[in-house]
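# An overview of the molecular structure
Take a look at the letters that make up each chain.
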Amino acid sequence: MPDPGPTAPDIDVAPTAADVARVQRRTVWVLSLGQVLGGLAFGATLSLGAVLAAELSGNDSLSGLAAASITLGTALTAVPLAAIARRRGRRLSLTTGMAVALAGVGLVILAVALQAFPLLLIGFAIIGAGQAANLQSRFAAADLATDASRGRDLSIVVWATTIGAVLGPNLVGPGEVLGDAVGMPPMTGPYLFTVVAQLLAIVLYATMMRPDPLLLAQRVTASTPAAARGIARADRPVAARYAIFAVAAAHGTMVSIMAMTPVHLTHLTHGESDAATLSIIGLTISLHIAGMYALSPVFGILSDRVGRVPTILVGQVLLAAALLTASFGQNSTVAVTLALVLLGLGWSASTVAGATLLVESSSEELRTRRQGISDFTMSIVGGAGAIAAGAMLGWIGYGGLALVVMALVVASVLMAPLGWRASRRPAVSTDTGADG
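Please read these numbers as outputs of a predicted model, since none were measured by experiment.

Counting secondary structure elements, the protein contains 15 helices and 0 strands. For the protein, the residues scored as buried account for 54% of the 436 residues in total. Carbon and sulfur atoms make up 69% of the accessible area of the protein, which amounts to about 17,100 Å² in all.

One pass over the structure, following the stated rule, counts 1 aromatic pair. The interplanar angle of 80° and the centroid separation of 5.7 Å between the aromatic rings of Tyr293 and Trp347 together place this pair among those described as edge-to-face. One end of the pair, Tyr293, is in helix α11 (residues 274-293); the other, Trp347, is in helix α14 (residues 333-360), and 54 residues separate them in sequence. For the pair Tyr293 and Trp347, a shared accessibility class is recorded, and that class is buried.

To continue, consider the packing of helix α12 (residues 296-306) against helix α13 (residues 308-328). At a minimum axis distance of 7 Å, the contact between α12 and α13 shows a crossing angle of 135°. As the angle between them shows, α12 and α13 are arranged oblique. Residues Phe299, Leu302, Ser303, Asp304 and Val306 of α12 touch α13, and the partners they reach there are Arg308, Pro310, Thr311, Val314 and Leu318. Taken together, the residues of the contact of α12 with α13 sort by class into 6 nonpolar, 2 polar and 2 charged.

Mapped onto the elements of the fold, Asp212 is located in the loop between α7 (191-208) and α8 (213-223). In sequence terms Asp212 and Arg88 are 124 residues apart; their C-alpha atoms lie 9.2 Å from each other. Within the structure, Asp212 has its side chain in polar contact with the backbone nitrogen of Arg90 (distance 2.8 Å). Here the side chain of Asp212 touches Arg91 through a polar contact of 2.6 Å, landing on its backbone nitrogen.

The next point concerns the nonpolar core. Within the largest apolar cluster, 54 residues are counted, with the highest numbers of intra-cluster contacts made by Tyr242, Ile257, Leu323, Leu343, Tyr398 and Leu401. Look past the residues within four positions of Ile257 in its chain and what remains in contact with it is Leu323, Leu340, Leu343, Tyr398, Leu401, Ala402 and Val405. In terms of nonpolar packing, the next biggest core, distinct from the first, is built from 19 residues, Ile70, Ala111, Ile127 and Met184 among them.

Now for the confidence of the model for the protein. Across the protein, the average pLDDT comes to 86, with 88% of residues at 70 or higher. Looking over the protein, one finds the lowest element-wise mean pLDDT in helix α9 (residues 225-228), namely 59, and the highest in α13, namely 97. Long-range and interchain partners of residues 1-9, a stretch whose pLDDT sits below 50, account for 20 contacts in this model, where long-range means more than four residues apart. Across residues 429-435 the pLDDT falls below 50, and counting only partners more than four positions away or on other chains, this stretch makes 11 contacts in the model.

The next thing to look at is the packing of α13 against helix α15 (residues 367-422). Direction vectors running N to C along α13 and α15 enclose 165°, while the axes themselves pass 9 Å from each other. In this view, α13 runs roughly antiparallel relative to α15, as classed from their interaxial angle. Here α13 and α15 pass one another in a crossing that is left-handed. Counting all contacts with α13, which are made through Val309, Pro310, Leu313, Gln316, Leu319, Ala320, Leu323, Leu324, Ala326 and Ser327, the residues of α15 involved are Tyr398, Gly399, Ala402, Leu403, Val405, Met406, Val409, Ser412, Val413, Ala416, Gly419 and Trp420. Of the residues contributing to the contact of α13 with α15, the split by class is 17 nonpolar, 5 polar and no charged.

This part is about α15. Its 56 residues place the ends of α15 only 17 Å apart at the C-alpha level, less than the 82 Å of an ideal helix rising 1.5 Å per residue. Along α15, the largest kink reaches about 115° and is centred on Ile396.

Over its 24 residues, helix α4 (residues 117-140) runs 35 Å from end to end, which matches the ideal 34 Å to within 8%, given 1.5 Å per residue. With 19 of 24 residues buried, α4 lies mostly within the body of the structure.

Take Arg90: it is sitting in helix α3 (residues 90-114). Judged by its relative accessible area of 1%, Arg90 falls in the buried class. In sequence terms Arg90 and Ala140 are 50 residues apart; their C-alpha atoms lie 6.8 Å from each other. Excluding residues that lie within four positions of it along the chain, Arg90 makes contacts with Ala85, Gln136, Phe139, Ala140, Asp143, Met209, Asp212, Pro213, Leu214, Thr368 and Gln371. Only 2.7 Å separates the side chain of Arg90 from the side chain of Asp143, close enough to count as a polar contact.

So, about the side chain of Ser348. Turning to its location among the elements, Ser348 is positioned in helix α14. Judged by its relative accessible area of 0%, Ser348 is buried. Once residues lying within four places of it in the same chain are set aside, the contact partners of Ser348 are Gly291, Met292, Leu295, Ser296 and Phe299.

Our focus in this paragraph is a nonpolar patch on the surface. On the surface, Leu72, Leu76, Val79, Phe376 and Ile380 cluster together to form a nonpolar patch covering roughly 420 Å² of accessible area. For the nonpolar patch, the secondary structure elements donating two or more residues are α2 (65-88) and α15. Mapped onto the elements of the fold, Leu76 is located in helix α2. Since its relative accessible area comes to 56%, Leu76 is described here as exposed.

Reading guide: rules and limits
Residues numbered from 1 in each chain as written. Predicted model: local features only at pLDDT ≥ 70, side-chain atom pairs only at ≥ 80, totals over all residues. Heavy atoms only, no water. Helix = DSSP H or I, 4+ residues; strand = E, 2+ residues; numbered from the N terminus. Buried < 20%, exposed > 50% of the residue type's maximum accessible area, 1.4 Å probe, protein only. Areas by Shrake-Rupley, 256 points an atom, 1.4 Å probe, with all protein chains shown as cover. Phe/Tyr/Trp six-rings, centres within 6.5 Å; stacked < 30°, edge-to-face > 60°. Axes fitted to C-alpha atoms, helices over the stretch in contact; angles between N-to-C directions. Parallel < 35°, antiparallel > 145°, perpendicular 65-115°, else oblique. Contact = heavy atoms within 4.5 Å. Nonpolar A, V, L, I, M, F, W, Y, C, P; charged D, E, K, R; others polar. Polar contact = N/O pair within 3.5 Å; in protein donor to acceptor, adjacent residues only side chain to side chain. Core = buried A, V, L, I, M, F, W, Y, C linked by side-chain atoms within 4.5 Å. pLDDT = per-residue confidence, 0-100. Left-handed = near helix turned anticlockwise from the far one by under 90°. Expected span 1.5 Å × (residues − 1). Bend = angle between axes of the 7 residues up to and from the residue. Patch = residues over 30% accessible without salt bridge, like charges linked within 9 Å, V, L, I, M, F, W, Y side chains within 5 Å. Salt bridge = Lys/Arg side-chain N within 4 Å of Asp/Glu carboxyl O.

Following this line, the structure appears as structure tokens:
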């Protein structure tokens, strides 16, 4: 992890390039720690969501509404949080997202106490604001980054999610014991860790993200040309649109297959003990999550060295390999597990490089707006993909689903030359801000 450097108070004098570099190192460090805390909070939430939804509704078929509510909440809060960042800075945006999510956790606990299923779904939707803040963190890592390190810095923050995502679900058991000890409603004890992690993240962002990276970037761009070199970028809207599409398509591909894999593995291991089935599912999803995050710095460095669009194409190759493996190896648990690992790696390469391309294809005036649109689109496509995949699984099976989803990969590949050429075309005027 980059050296954060000494404590960086708000810079009152005209910032130099050295000042900007020092603040950037500190920002990446703070955001990475925030992602660990956010991952801890969200990991426990996601692990319990389906169980609580099934328990309160009395219908296992409604268990997926918990994840759907979180996804919807993430989509609905992505653009407003981006607007807050644009006007008031990342510090206020990230703390607001975490604070809103904390209120959502309180509603979930209350819903369980009251056995109120609709209130539970509302609580999960509000928790989605925390996930929106976590997504925004990767863009915050690029606010002050230069061309040479933008992909690497963004990917380091993405990588930090690995720690929380792995540890969070493992706190469910200890959390339930602790919850019982303090008299919390059944199955809500793990949310004690969520509350603590959210509070620590709020304090971290509010006190340590000084100066605010986005506000400093705006100031540097407007008044310090020497320090702005490599930070400010000319606007290339076509390349930005391709980046948004590539990220959303990769996310839709990943979610569609990942969401149906536990169901498919349950059918595939029919006849084995429940413990054996759960063990296979747990191992597969854990390896998938590792694929999503663990190698993100590798893809960040690759995108810095060989280019954003070529790295997106590397991601598409990995996604295609995953889908083909899932389709033709659908009757093998080993093949399905391998497919999920490749799926995570393809998602990582595509989203890291795509997010980096979006940043550097957008002028400072339009950047945060497009980032909010990207996160909104990504969440909506992911949610729609999971819903559609559920219907298609029963119709054409797991292997057929994988081949249908291949259409998103093919579209991303076919559009890549357009994104490549657009990223190298002369800039367009953004005086009106109309092309967001």
